[in-house]
Amino acid sequence: MRTHYCTDLNENNVGEDVTLAGWVNSYRDHGGVIFIDLRDKTGLIQLVCDPADNEQAHKVASQVRDEFVLIAKGKVRKRGEGLENPRLKTGKIEIVIDELTIENRSEPMPFTLGDENVGEDIRLKYRYLDLRQKEMFETFQLRSKAAIAARNLLDSLGFLEVETPILTKSTPEGARDYLVPSRVHNGEFYALPQSPQLFKQLLMVSGFDRYFQIAKCFRDEDLRADRQPEFTQIDVEMSFCTQEDVMKVAEDLLKAMFGACGYEIKTPFNRITYRDSMEKYGNDRPDLRFGLELVDVIDLFENCDSPIFAEIAQYKKLNRIKALKVPGGDKAFSRKIIKELESFVSKFGAKGLAYIQVKEDGLKGPILKFLSEEAIETMKSRLEMEVGDIVFFGAGNKKTVLDYMGRLRTEVAKRMNLIDENRLEFVWVVDFPMFEVEDGEVKALHHPFTMPKNLDEDDVEEIDSIAYDVVLNGIELGGGSIRIHKLDVQRKVFEMLGIGEEEANEKFGFLLDALKFGAPPHGGFALGFDRLMMLLTKKESIRDVIAFPKTQSATCLLTQAPSQVDEAQLKELGIRIRKQPKTDAAQ
Ligand code: ASP
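First, a word on what this report is: a plain description of the structure on this page.

Turning our eyes to something else, we now look at the pattern of salt bridges. Under the criterion given, the structure shown has 45 salt bridges. Arginine 483 is paired through a salt bridge with glutamate 237; the nearest N and O atoms lie 2.7 Å apart. Taken as a pair, arginine 483 in the loop between strand 21 (475-482) and helix 13 (487-496) and glutamate 237 in strand 10 (residues 230-239) lie far apart in primary sequence, 246 residues in all. No difference in accessibility class separates arginine 483 from glutamate 237, as the two residues are buried. The shortest N-O distance in the salt bridge between aspartate 403 and arginine 407 comes to 3.1 Å. With aspartate 403 and arginine 407 both in helix 12 (residues 398-415), this residue pair falls four residues apart, about one helical turn. Assessed through its relative accessible area of 29%, aspartate 403 is described here as partly exposed. Note on arginine 407: relative accessible area 36%, which makes it partly exposed. Each of Lys200, Asp235, Glu237 and Arg483 takes part in one network of salt bridges that share partners.

Turning to helix 12, a few remarks are in order. What sets the pattern is the α-helix's 3.6 residues per turn: residues three or four places apart point alike. Here helix 12 spans 25 Å end to end across 18 residues, near enough to the 26 Å set by a 1.5 Å rise per residue. All buried positions along helix 12 are accounted for by Val401, Leu402, Tyr404, Met405, Gly406, Leu408, Arg409, Glu411, Val412 and Ala413. The secondary structure elements touched by the buried residues of helix 12 are helix 7 (274-281), strand 12 (294-296), strand 13 (319-326), helix 10 (335-346) and strand 16 (390-397). Two or three places before lysine 399, at the start of helix 12, stands the capping residue asparagine 397, its side-chain oxygen 3.1 Å from that residue's backbone nitrogen. A positive backbone phi angle near 55° is found at asparagine 417, which sits one or two residues after helix 12.

As a further point, take the packing of aromatic side chains. Two aromatic rings are characterised by how far apart their centres lie and by the angle between their planes. Going through the model one piece at a time under the given rule, you end up with 15 aromatic pairs. When the centroid spacing of 6.3 Å and the interplanar angle of 75° are considered together, the rings of tyrosine 126 and tyrosine 128 count as edge-to-face. The class of tyrosine 128 is partly exposed, set by a relative accessible area of 47%. Note on tyrosine 355 and phenylalanine 392: the rings are 6.3 Å apart at their centroids and 65° apart in plane angle, and the pair reads as edge-to-face. Pair noted here: tyrosine 355 is in strand 14 (residues 354-359) and phenylalanine 392 is in strand 16, with a separation of 37 residues, a long-range link. With relative accessibility at 0%, the residue phenylalanine 392 sits in the buried group.

A separate point is the sheet that holds strand 3 (residues 43-49). Spatial ordering of the closed barrel is given by 1-2-3-5-4, a layout of five strands whose pairing is mixed. Strand-to-strand twist of the sheet, defined as the mean angle between neighbouring strand axes without regard to direction, takes the value 55°. Looking at chain direction, strand 1 (residues 17-30) and strand 2 (residues 33-40) are connected through seven bridges and run antiparallel. Bridge assignment links arginine 28 to a residue of strand 2, and that residue is phenylalanine 35.

All right, on to the sheet that holds strand 11 (residues 270-273) then. Pairing within the open sheet is mixed, and its eight strands lie in the order 6-9-10-22-21-20-17-11. Of all strands in the sheet, those bounded by a partner on one side alone are strand 6 (160-161) and strand 11. Sheet topology places strand 20 (residues 467-472) next to strand 21; six bridges connect them, and they run antiparallel. Across the sheet, tyrosine 468 pairs through a bridge with glycine 480, a residue of strand 21. The sheet contacts of helix 6 (residues 243-260) involve strand 10, strand 11, strand 17 (426-430), strand 20, strand 21 and strand 22 (522-528), and relative to strand 22 the element is tilted by about 25°.

The rules we used
- Residues numbered from 1 in each chain as written.
- Predicted model: local features only at pLDDT ≥ 70, side-chain atom pairs only at ≥ 80, totals over all residues.
- Heavy atoms only, no water.
- Salt bridge = Lys/Arg side-chain N within 4 Å of Asp/Glu carboxyl O.
- Helix = DSSP H or I, 4+ residues; strand = E, 2+ residues; numbered from the N terminus.
- Buried < 20%, exposed > 50% of the residue type's maximum accessible area, 1.4 Å probe, protein only.
- Expected span 1.5 Å × (residues − 1).
- Contact = heavy atoms within 4.5 Å.
- Polar contact = N/O pair within 3.5 Å; in protein donor to acceptor, adjacent residues only side chain to side chain.
- Phe/Tyr/Trp six-rings, centres within 6.5 Å; stacked < 30°, edge-to-face > 60°.
- Pairing = 2+ DSSP bridges.
- Axes fitted to C-alpha atoms, helices over the stretch in contact; angles between N-to-C directions.

Set out below in structure tokens:
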């Protein structure tokens, strides 16, 4: 219907007859002459309808309202002196209209496009209108470019794109499954995949050698700010590979995707072991745009005069005493700020926040009196303390201390403006433990198909795995592992996880069977595509990079899903609802 998109036109087209199609972004009547800003996906252009040029077109123009759909025929004209609009790409020209058709009308908009004060609920309810905004379109343009770059790169490396089932059996990635009842087999359920993990491993047994998929995954979790019940992963698996080979593919893939969005990134990425990351940064997704490493000082409190600290220092495996030195922090942090930091860490289980200030005339701080001269001297040199610094201390249970000191590190960096928003600090976290023990229960830290390194180790928590995560600026982009390809090892790992033979056969019998038929060594990874796009487009929320996202309570405000279904449908499925569904108010 059109000859050009709006912003295809410029001064070189002056004098040409063109046909444009799009929406009325705005209109103005200036003493009889009507100006319309016509919008398509590329941007805006000004249409001029002067009754002196064409009475018929002017008459039509007098009926247009915001968001009406127009087909406009006319001639490109240079705008008069002083009438140019430098804010528009097409601001030097306009279209003198010969023929104007209202192709469709629009009711008044429920909200004004681009108005930042509009609530997200209304935007999500009318998502198709929200997506009319140029910025939105550009986000999805980038998303498409990144996906195509990923496909091209993986294709060039010999990876085959294969679709795996959506109606399937549970894959354990640590979340609850979404279930779909079967009509044909009453009382039985499919699970939506939490990831294509098992299928991609099976494709390796098939000899496909290199697989990828831009895959929808489903996890029924209590949603945090950054999560969606369904999300997209770029999922990769390869055979006869080492961890190094897999990491190289992941780096090349990220390079291609970032490149497609205009960012040049350097590879290979730095690496840190899981244990080092936990000790130095308090978590397994370190933000390396700034320093502020946590330093171990538990040894210095061993025989100190504080019964509490001395007691903590006795159990070095279970406890931690960590110091966070903030250069210049004594000058920067008032008493009030220190109080705020104390209440910040208390939210994460800290019982208090001890600190030492480094003043011109020496160290100040209540804990000094518990420490020997020698311990203080060692601490001074270990932390390289200088006048103007402040040092915070966290002491207690290892898990709690690492967690709140890691958070404190980031909080302090924010308050001291130490974070360069334009830096991209990628890092691989490697050598993850195979298991974690929670309340006496042994769980897989990655997933149970991950290859352990030293399975014979007596202490399960000391068993490492060949698993790796890629982290950018403190955010986990994805991860993967080398998998178990030997049946006996897989059985042993299930056993250690408390999954009995019967349960293993019932849940993963097909995988165990496949491992009997010449499974090659293999491994892979998956990248969280939505999160990656959120970072690439510098958006605050993951919802901004998903065309039709769900709210934090997992509802779709546009379609009103999930919704009740009629009795007949339930009957066919053999389902009876025991409790009344929640009312709107209860959701
Ligand atoms: N399936 C894993 C996940 O979804 C990724 C992998 O191990 O490849 O996190």
